Number of protein chains: 2
Amino acid sequence: MERPDPTKLPATAWAVLGILAFGEELTGYEVRQWADHVLRHFYWSPAMSQIYSELKRLEKVGYAVSRAAVSDDGRGKRVYGITASGEAALAEWAGRAPVEPPVLKHGPMLRAWLGHLSTPERLREQILEHRADTERELAEADASREVAARFPEWAYPELTIRWATRYYAAQRDLADRMLADLAELAEDGRREESA
Amino acid sequence: MERPDPTKLPATAWAVLGILAFGEELTGYEVRQWADHVLRHFYWSPAMSQIYSELKRLEKVGYAVSRAAVSDDGRGKRVYGITASGEAALAEWAGRAPVEPPVLKHGPMLRAWLGHLSTPERLREQILEHRADTERELAEADASREVAARFPEWAYPELTIRWATRYYAAQRDLADRMLADLAELAEDGRREESA
DNA sequence: CGTTGCATGTAAGGTGTTACATGATTAC
DNA sequence: GTAATCATGTAACACCTTACATGCAACG
């Protein structure tokens, strides 16, 4: 008969609450920006609409509160803050809930895996594009890291973004090694043809 | 008025079709095993029930066909194979569809990001556990790679699994460096306390 | 005067998981 | 006998995205 526990939330909800846990009152829009600049690099950035609904859910279970506020330009907005109960629940989740294993969905490798259906040239282009994307992400993460480094209360976020920059660097090296392997495979193919 | 294109499939469907694209007729159960041994390391392994429904969808659009068959032990089963049309569509998708950027959801880093809500000891334990998990995955991927290396028609899958083993190794190194950073942060904390 | 940014939501629908249900064979 | 593996599905539901809808302010 077990009814679903209203405090059993998906990781995304904890991530959103985690953004509020740094103490500032934020609008849904601002939560999204934090997600985009920081969270995205090791977790992921939910759609705007999901952020709004997660915030509502968090408020319903008492982990967040909202109040009407005004922007600098005088327009109305709604800001959310974490509650004591929310902080306790989040700490409990962070410390005791089983850590979900990392999930990876790597589009470029899915293409490489199906290399036999494509051409070495096309595949190479796709991996090169992936490499360029990674480099871009690396630059963005590094910019975010520099911002975080300016504030002592962001020591842990800074560590995770630093982790992300290393992750992107590793990703880039992995792309290079894949490119080398691909070249070798194509070479073998040519040799066989001419034989 | 645009009705949804019945051939516009999610990446998961292409992944399942991709498993069939290596030429063998497989049961849903076997598709799952391939996903678990290979695909999982760079993409992910869908739930059993989803595999069955993806196979049905693929058959409906004509990219796969199924027929009743018998196992060695005489029990009935249903095997799926790729069609010519399916092969063409898959090649088209692999070569021309925009490559989805890699998606990462890293549970352990989500915990590290919220380090201020936990203790250095607990966080360290969690990262160590992640490190051990990674090592396990590395061993499994390496075993799969060795199997793939025995068959020349699996050259591309072998490359991607090799990529995965390197990925896990990088992941492990990243965990080590995070552990070192964490230790340093804790050290700084202690120094401040005693000051 | 058009675009970008700020700001908030709803509705619809697709994606994917968990739980449930079933049943035979093989190995301990 | 009972657990694991093979084998196939359905139903319910949670998660999440896309598209739509709105409106003001600031900048060029």
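Predicted model, so just to flag it, every value in this text is computed and none were measured. (Residues numbered from 1 in each chain as written. Chains lettered and ligands numbered in written order. Predicted model: local features only at pLDDT ≥ 70, side-chain atom pairs only at ≥ 80, totals over all residues. Heavy atoms only, no water.)

Right, let's get into the pattern of salt bridges. Within this structure, the stated rule accounts for 41 salt bridges over all chains. Across the pair Arg96 of chain A and Glu92 of chain A runs a salt bridge, and its minimum N-O distance is 3.0 Å. Residue Arg96 of chain A and its partner Glu92 of chain A are both found in helix α4 (residues 84–96); the two are separated by 4 residues, about one turn of the helix. Of the charged contacts in the structure, one is a salt bridge between Glu100 of chain A and Arg111 of chain B, with a shortest N-O distance of 2.7 Å. In this pair, Glu100 of chain A is assigned in the loop between α4 and β4 (103–105) and Arg111 of chain B in helix α5 (residues 107–113), connecting two distinct chains. By relative accessible area, Glu100 of chain A is classed as partly exposed at 25%. A cluster of three or more residues bridged by salt bridges with shared partners is formed by Asp142, Arg145, Glu158, Arg162 and Arg166 of chain A together with Asp181 of chain B. (Salt bridge = Lys/Arg side-chain N within 4 Å of Asp/Glu carboxyl O. Helix = DSSP H or I, 4+ residues; strand = E, 2+ residues; numbered from the N terminus. Buried < 20%, exposed > 50% of the residue type's maximum accessible area, 1.4 Å probe, protein only.)

In this assembly, 61 residues from chain A lie in contact with 61 residues from chain B. Approximately 6200 Å² of surface area, both sides summed, lies buried where chain A meets chain B, with 70% of it carried by carbon and sulfur atoms. Of all residues in chain A, Trp113, Tyr156 and Trp163 of chain A bury the most surface against chain B, accounting for 14% of the area lost on that side. The interface formed by chain A and chain B contains 6 salt bridges. One can count 17 residue pairs in polar contact (both at pLDDT 80 or more) joining chain A with chain B. (Contact = heavy atoms within 4.5 Å. Buried area = accessible area lost by both parts, 1.4 Å probe. Polar contact = N/O pair within 3.5 Å; in protein donor to acceptor, adjacent residues only side chain to side chain.)

Per the UniProt entry, the sites bearing "domain: Transcription regulator PadR N-terminal" (unreviewed entry) are residues 16–92 of chain A in this numbering. As annotated, residues 16–92 of chain A has a helix share of 48% and a strand share of 21%, and its two end C-alpha atoms lie 15 Å apart. (UniProt positions renumbered as here; feature names shortened; annotations may be inferred.)

This part covers the relation of the copies chain A and chain B. Its rotation angle being 180°, the transformation that places chain A on chain B also includes 0.0 Å of axial translation and leaves an RMSD of 0.0 Å. One copy is carried onto the other by what is essentially a two-fold rotation axis. Considering only C-alpha atoms, the part of chain A nearest the rotation axis is Leu104 of chain A, at 2.4 Å. The share of interface residues of chain A whose copies in chain B are also at the interface is 100%, consistent with both copies meeting through the same surface. (Least-squares fit on C-alpha atoms with pLDDT ≥ 70 in both.)

The subject of this paragraph is the sheet that holds strand β1 (residues 26–27) of chain A. All names here are of chain A. A sheet is described by the order of its strands in space; here 3 strands give the open sequence β1-β3-β2, paired in antiparallel fashion. Where the open sheet ends on each side, the last strands, each with one partner, are β1 and β2 (64–70). The pairing of β2 with strand β3 (residues 76–82) spans 7 bridges and is classified as antiparallel. In the sheet register, Ala69 faces β3, and the bridge partner there is Lys77. Sheet strands in contact with helix α3 (residues 48–60) are β2 and β3, and its direction is about 120° off that of β2. (Pairing = 2+ DSSP bridges. Axes fitted to C-alpha atoms, helices over the stretch in contact; angles between N-to-C directions.)

Okay, the packing of helix α1 (residues 11–20) of chain B against helix α2 (residues 28–37) of chain B next. Residues and elements named next belong to chain B. The N-to-C vectors of α1 and α2 enclose an angle of 105°; their axes lie 10 Å apart at closest approach. Classified by the angle between their axes, α1 and α2 sit roughly perpendicular to one another. Seen from α1, the contacting residues are Val16, Ile19 and Leu20; seen from α2, they are Val31, Trp34 and Ala35. Per-class residue counts for the contact of α1 with α2 are 6 nonpolar, no polar and no charged. (Parallel < 35°, antiparallel > 145°, perpendicular 65-115°, else oblique. Nonpolar A, V, L, I, M, F, W, Y, C, P; charged D, E, K, R; others polar.)

Next up on the list: the protein's contact with DNA strand C. In the vicinity of DNA strand C there are 23 residues, among which Tyr29 and Arg78 of chain A together with Trp44, Ala47 and Ser49 of chain B approach most closely. Close to the protein, within 4 Å, the atoms of DNA strand C belong to sugar or phosphate groups at a rate of 67%. At 3.0 Å, a side-chain N or O of Tyr29 of chain A approaches a phosphate oxygen of DNA strand C. In this structure, a base oxygen belonging to DNA strand C sits 3.0 Å away from a side-chain N or O atom of Ser49 of chain B. Counting only elements with at least two residues in the surface near DNA strand C, the list comes to α2 (28–37), α3 and β3 of chain A together with α3 (48–60) of chain B. Among the elements that line the surface near DNA strand C, the one with the most residues is α3 of chain A, at 4 residues. Class assignment of the residues belonging to the surface near DNA strand C gives a composition of 7 nonpolar, 8 polar and 8 charged. (Near = heavy atom within 4 Å.)

Here the focus is the domain arrangement of chain A. All names here are of chain A. Assigned domains of chain A: these are domain 1 (11–96) and domain 2 (107–190). Computed over C-alpha atoms only, the centres of domain 1 and domain 2 are separated by 30 Å. Across the contact, 7 residues belong to domain 1 and 12 residues belong to domain 2. Buried area between domain 1 and domain 2, both sides added, is near 810 Å², and the carbon and sulfur share of it is 63%. (Domains from an automatic or database assignment.)

Neighbouring DNA strand D are 23 residues, the closest being Ala47, Gln50 and Arg75 of chain A together with Tyr29 and Arg78 of chain B. Those atoms of DNA strand D that come within 4 Å of the protein belong to sugar or phosphate at a rate of 69%. For DNA strand D, a phosphate oxygen lies 3.1 Å from a polar atom in the side chain of Thr12 of chain A. With respect to DNA strand D, the side chain of Lys105 of chain B contributes an N or O atom lying 3.2 Å from a phosphate oxygen. Looking at the surface near DNA strand D, the elements with two or more residues in it are α3 of chain A together with α2, α3 and β3 (76–82) of chain B. Ranked by the residues each element gives to the surface near DNA strand D, the list is headed by α3 of chain B, at 4 residues. When grouped by side-chain class, the residues that make up the surface near DNA strand D number 7 nonpolar, 8 polar and 8 charged.

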